[in-house]
Amino acid sequence: MENRKMIYLVEDDESIRELVIYTLKSQGFEAKGFERPSHFWKALEKEKPALLLLDVMLPEEDGISILKKLRMRPDTRKLPIIMLTAKGDDMDKILGLEYGADDYITKPFNILEVKARIKAIMRRSSKRVTEDEKKKVFEKNGLKIDCDSRRVFVEGSEVKLTAKEYDLLELLSFHPNKVYSRENLLNIVWGYDYPGDVRTVDVHIRRLREKIEKNPGEPLYIHTKWGVGYYFQD
């Protein structure tokens, strides 16, 4: 569930974390701070924030890696993200923007600048959400995906998919020609704490093909890149 007033901060420096959280709450936002990425990932499964402030240098997992994973997930690919980078780390800024960060702020920063950047991005995000509401139906070669109702149609006939089958189809179709490894799909769709293995992905892809493909042996939509993974043919 998305909370449009909630801001998450992943920052291992306690003094910075407390200052930012206090300031955000004083401005009427809801805010939660996380010292470790593992705590952030657990919270994300229960609630989606309106914006994420993400430090680059973190224990367990760096911010760029977290950013890349968030941009691959269907439920967070459009989440506004501001990277927090150390002074002079130009490569972090370049990589952050390349992998889909909306903005970056260099530490040490002025808290007033942080507030201004957050408000600007949330205004842009609100406008983008309004525009995207017109684009919630995907259609390609007889396949129709209604994202609001999570219903799928092939040549006008509805196809009943399980929740994971739908999540796989939506992720692949909204990133056409992008090849996802089975490990990536397992982490994105099932979550990083899922105890199963990559064979789970193979089973679900096979069942999905049986439901949406005219000839599963010669798929029109979901293709295999041998030795790499799966992708949706544009």
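My aim in this report is to walk through the structure given alongside it, one point at a time. Note that this is a predicted model, so its numbers are computed, not measured.

## Some remarks on the overall build of the protein chain
Scanning the protein chain for helices and strands turns up 8 helices and 12 strands. Taken over C-alpha atoms, the radius of gyration comes to 19 Å for the protein chain, in line with the 17 Å a tight globule of 234 residues would show. When the backbone C-alpha atoms are referred to their principal axes, the protein chain occupies close to 60 × 35 × 30 Å. Contacts spanning at least 24 positions in sequence make up 56% of the contacts within the protein chain whose residues lie at least 6 apart. For the protein chain, the exposed surface amounts to about 12600 Å²; the carbon and sulfur share of it is 49%. Averaged over its 43 positive side-chain charges, the protein chain has a centre that lies 3 Å from the centre of its 41 negative ones.

## Some words on the packing of helix H6 (residues 163–173) against helix H7 (residues 182–190)
Packed helices, taken two at a time, are described by their axes: the angle between them and the distance between them. One can describe the packing of H6 onto H7 by two numbers: an axis separation of 10 Å at closest approach and a directional angle of 115°. For H6 against H7, the interelement crossing comes out right-handed. In contact with Lys-164, Asp-167, Leu-168, Leu-171 and Leu-172 of H6, H7 contributes Leu-185, Ile-188, Val-189 and Trp-190. Looking at side-chain class alone, the contact of H6 with H7 contains 7 nonpolar, no polar and 2 charged residues.

## So, the packing of H7 against helix H8 (residues 199–212)
In the contact formed by H7 and H8, the axes pass within 9 Å of each other and the chain directions differ by 85°. Classified by the interaxial angle, the pair formed by H7 and H8 is roughly perpendicular. On H8, the residues that touch Arg-182, Leu-185, Leu-186 and Trp-190 of H7 are Thr-200, Val-201, Asp-202 and His-204. Its residues assigned to classes, the contact of H7 with H8 shows 4 nonpolar, 2 polar and 2 charged.

## Some remarks on the sheet that holds strand S5 (residues 103–107)
Sheet strands line up and pair through hydrogen bonds in the backbone, either parallel or antiparallel. Across the sheet, which stays open at both edges, the 5 strands sit in the order S2-S1-S3-S4-S5 with parallel pairing between neighbours. Edge strands, defined here as strands with exactly one partner in the open sheet, are strand S2 (30–34) and S5. Pairs of neighbouring strands in the sheet enclose a mean axial angle of 20°, with direction left out of account. Two elements, strand S3 (residues 51–55) and strand S4 (residues 81–86), share 4 bridges in a ladder whose sense is parallel. Within the sheet, the bridge partner assigned to Leu-53 lies in S4 and is Ile-82. Its contacts with the sheet put helix H1 (residues 14–26) on strand S1 (6–10), S2, S3 and S5, and the angle it makes with S2 is roughly 170°. In the packing of helix H2 (residues 37–46) onto the sheet, contacts are made with S1, S2 and S3, and the angle to S1 comes to roughly 160°.

## Considerations on the packing of aromatic side chains
Tallying each qualifying case throughout the model produces 7 aromatic pairs. Ring geometry for Phe-138 and Phe-232: centres 5.7 Å apart, planes at 80°, overall edge-to-face. Here Phe-138 is found in strand S6 (residues 137–140), whereas its partner Phe-232 is found in strand S12 (residues 229–232), with 94 residues between them in sequence. A centroid spacing of 6.1 Å and a plane angle of 15° characterise the contact between Tyr-221 and Phe-232, whose relative ring orientation is stacked. In this pair, Tyr-221 is assigned in the loop between H8 and strand S11 (222–225) and Phe-232 in strand S12, connecting sequence segments 11 residues apart. The exposure classification of Tyr-221 matches that of Phe-232, with both residues buried. Counting every residue linked through ring pairs, the aromatic cluster contains Tyr-8, Phe-34, Phe-40 and Trp-41. Sitting over the face of the ring of Tyr-99, Lys-68 holds its NZ or CZ atom 4.8 Å from the ring centroid. Across from the ring centre of Phe-174, 4.6 Å away, lies the NZ or CZ of Arg-77, which sits over that ring.

## So, a negative patch on the surface
A cluster of like negative charges, contributed by Asp-12, Asp-13, Glu-14, Glu-18 and Glu-35, occupies part of the molecular surface. Checked against the element boundaries, Asp-13 lands in the loop between S1 and H1. Taking the relative accessible area as the measure of exposure, Asp-13 reaches 31% and is therefore partly exposed.

Here is what the cut-offs are and how they apply
- Residues numbered from 1 in each chain as written.
- Predicted model: local features only at pLDDT ≥ 70, side-chain atom pairs only at ≥ 80, totals over all residues.
- Heavy atoms only, no water.
- Helix = DSSP H or I, 4+ residues; strand = E, 2+ residues; numbered from the N terminus.
- Rg over C-alpha atoms; globule rule 2.2 N^0.38 Å.
- Contact = heavy atoms within 4.5 Å.
- Areas by Shrake-Rupley, 256 points an atom, 1.4 Å probe, with all protein chains shown as cover.
- Lys, Arg positive; Asp, Glu negative; His and termini not counted.
- Charge placed at Lys NZ, Arg CZ, Asp CG, Glu CD.
- Axes fitted to C-alpha atoms, helices over the stretch in contact; angles between N-to-C directions.
- Left-handed = near helix turned anticlockwise from the far one by under 90°.
- Nonpolar A, V, L, I, M, F, W, Y, C, P; charged D, E, K, R; others polar.
- Parallel < 35°, antiparallel > 145°, perpendicular 65-115°, else oblique.
- Pairing = 2+ DSSP bridges.
- Phe/Tyr/Trp six-rings, centres within 6.5 Å; stacked < 30°, edge-to-face > 60°.
- Buried < 20%, exposed > 50% of the residue type's maximum accessible area, 1.4 Å probe, protein only.
- Lys NZ or Arg CZ within 6 Å of the ring centre and 35° of its normal.
- Patch = residues over 30% accessible without salt bridge, like charges linked within 9 Å, V, L, I, M, F, W, Y side chains within 5 Å.
- Salt bridge = Lys/Arg side-chain N within 4 Å of Asp/Glu carboxyl O.

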